[in-house]
Amino acid sequence: MSLHPDSQGKVLVTAVVLAAGLGRRMGASNKLLLPYQGQPMLRHIVNQALASLCHRVVVVLGHQSDVVRQALVGLPVDFADNPHFSEGLAASVRVAAHMTPLDSPILIMLGDMPQVDTGVINALVKAYDAAAGLDPSLAATQFFQPVFEGQPGNPVLWGASWRFALQAVQGDEGARRVIKANLPARVLVAVDHAGVLRDVDQPDDLAPMGMSPLL
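Residues numbered from 1 in each chain as written. Predicted model: local features only at pLDDT ≥ 70, side-chain atom pairs only at ≥ 80, totals over all residues. Heavy atoms only, no water.

Q: Any chance you could explain the overall build of the chain here in plain terms?
A: Regarding its fold elements, the chain presents 7 helices and 10 strands. By the burial criterion, 52% of the 215 residues in the chain qualify as buried. Taking the intrachain contacts of the chain between residues at least 6 apart in sequence as the baseline, contacts between residues at least 24 apart amount to 69%. By element, 52% of the accessible surface of the chain is carried by carbon and sulfur atoms, the whole surface being about 10,000 Å². (Helix = DSSP H or I, 4+ residues; strand = E, 2+ residues; numbered from the N terminus. Buried < 20%, exposed > 50% of the residue type's maximum accessible area, 1.4 Å probe, protein only. Contact = heavy atoms within 4.5 Å. Areas by Shrake-Rupley, 256 points an atom, 1.4 Å probe, with all protein chains shown as cover.)

Structure follows, in structure tokens:
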């Protein structure tokens with residue numbers, strides 16, 4: 001298998017942030033624009049990805065794409081449009097799975113998990129790099145998932161061999177079914193905080209993260 005290494009021989013990882021959903025359970029507010037640490041939540045998340053070991057960041061747009069794009073103005077990211085965003089999360093995963101070369105790994109991030117920081121992202125990339133250093137072909141068939149106190153979370157870094165499976169997902173569960181059906185291929189990466197388990201899904205999720213709704 002031919003992989004795309006950088007000048008130091010490491011395989012380049014693309015982070016794709018899914019930011020296309022309707023977010024119906026949050027109500028009228030676009031949850032991606034809710035303030036987190038002084039900036040829109042999505043901008044904070046994208047900045048964490050940009051500061052990481054990933055070599056490229058792509059944002060998948062759909063619902064209110066113009067407004068979401070404006071929230072990221074000035075950041076060195078690429079955009080991909082998901083015209084089928086109303087179908088659910090899987091439609092964005094399918095777009096993400098088309099955004100990098102077929103023989104390169106992809107880190108799929110959710111745009112509503114603001115406590116996933118650069119440290120978490122780097123831990124996943126380093127785990128992949130370590131596996132690829134031992135056996136590149138094996139690493140390409142694995143996926144790397146963060147775990148905190150025994151609970152697996154997000155984001156997930158997928159080896160190149162999973163591209164076609166991700167391009168075929170359906171429904172509103174993203175890649176969850178792919179994960180459950182292929183647990184022997186999973187590499188759990190321990191992290192030191194619960195941010196990998198926490199998303200902003202409904203108003204009750206805001207206060208525990210120190211967030212307030214848009215007025």
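Resuming the write-up.
Q: Just checking my understanding: could you explain helix H4 (residues 118-134) for this structure?
A: Because an α-helix packs 3.6 residues into every turn, residues spaced three or four apart end up facing the same way. Look at H4: 24 Å from first C-alpha to last across 17 residues, which is about the 24 Å you get at 1.5 Å a residue. Considered for burial, the residues of H4 that qualify are Thr 118, Val 120, Ile 121, Asn 122, Leu 124, Val 125, Tyr 128, Asp 129, Ala 131 and Ala 132. Where the residues of H4 are buried, they touch helix H1 (41-50), strand S6 (106-110), helix H5 (136-139), strand S7 (143-148), strand S9 (156-158) and strand S10 (186-190). The opening residue of H4 is Asp 117, an N-cap whose side-chain oxygen sits 3.2 Å from the backbone nitrogen of Gly 119. (Expected span 1.5 Å × (residues − 1). Polar contact = N/O pair within 3.5 Å; in protein donor to acceptor, adjacent residues only side chain to side chain.)

Q: Explain the nonpolar core to me, please; I cannot follow it from the model alone.
A: Grouped together as the largest cluster of nonpolar side chains are 66 residues, with contacts concentrated most on Val 46, Leu 107, Met 109 and Trp 158. In terms of residue count, H4 provides more of this core than any other element does, 7 residues in total. Dropping the residues within four chain positions of it, Val 46 is found in contact with Val 17, Val 57, Val 59, Leu 72, Leu 75 and Val 77. (Core = buried A, V, L, I, M, F, W, Y, C linked by side-chain atoms within 4.5 Å.)

Q: Would you take a moment to explain the pairing of S6 for this structure?
A: Within a regular beta strand, the side chains point alternately toward one face of the sheet and then the other, so they alternate between its two faces. Extensive coverage of S6 is indicated by the burial of 5 of its 5 residues. Both faces of S6 are covered, namely the face carrying Ile 106, Ile 108 and Leu 110 and the face carrying Leu 107 and Met 109. Note: S6 against S9, 3 bridges, orientation antiparallel. Paired with Ile 106 across the bridge in S9 is Trp 158. (Pairing = 2+ DSSP bridges.)

Q: What's the story with unusual backbone geometry in this structure? I'm lost.
A: In most cases, non-glycine residues show a negative phi, while peptide bonds are predominantly trans. Cis geometry marks the peptide bond from Asn 154 to Pro 155; its omega dihedral reads 5°. The backbone phi angle of Gln 37 is positive, close to 50°, even though this residue is not glycine. Looking at where Gln 37 falls in the secondary structure, it is placed in the loop between strand S2 (35-36) and strand S3 (39-40). Not every positive phi belongs to a glycine, and Glu 149 is a case in point at roughly 50°. Mapped onto the secondary structure, Glu 149 falls in the loop between S7 and strand S8 (151-152).

Q: Explanation requested: the environment of Ala 139 in the structure shown.
A: Mapped onto the elements, Ala 139 comes out in helix H5. For the pair Ala 139 and Ser 161, spaced 22 residues apart in the sequence, the C-alpha separation amounts to 9.0 Å. If near-sequence neighbours (up to four positions away) are discounted, Ala 139 is found in contact with Tyr 128, Ala 131, Ala 132, Phe 144 and Gly 159.

Q: Please clarify how the packing of aromatic side chains should be interpreted in this entry.
A: Each aromatic ring pair is characterised by the separation of its centres together with the angle its planes make. Under the counting rule described, the total for this entry stands at 4 aromatic pairs. Between the aromatic rings of Trp 158 and Trp 162, the centroid separation amounts to 5.8 Å while the plane-to-plane angle is 65°, which identifies the pairing as edge-to-face. Of the two residues, Trp 158 and Trp 162, both sit in the buried class. Across from the ring centre of Phe 79, 4.4 Å away, lies the NZ or CZ of Arg 69, which sits over that ring. (Phe/Tyr/Trp six-rings, centres within 6.5 Å; stacked < 30°, edge-to-face > 60°. Lys NZ or Arg CZ within 6 Å of the ring centre and 35° of its normal.)

Q: In this structure, what is going on with the environment of Val 178? I would like to understand it.
A: Relative to the helices and strands, Val 178 is located in helix H7 (residues 176-181). Here Val 178 falls in the buried class, since its relative accessible area comes to 12%. In this structure the C-alpha to C-alpha distance between Val 178 and Ala 165, which are 13 residues apart in sequence, comes to 7.3 Å. Ignoring any residue separated from it by four or fewer positions in sequence, one finds Val 178 in contact with Trp 158, Trp 162, Ala 165 and Val 169.

Q: Where do I start with helix H3 (residues 89-97) in this structure?
A: Within H3, 8 of the 9 residues are buried, which leaves it mostly tucked inside the rest of the structure. Within H3 the residues assigned to the buried category are Ala 90, Ala 91, Ser 92, Val 93, Arg 94, Val 95, Ala 96 and Ala 97. Tucked inside the fold, the buried residues of H3 contact strand S1 (14-19), strand S4 (56-61), strand S5 (78-81), S6 and helix H6 (163-166).

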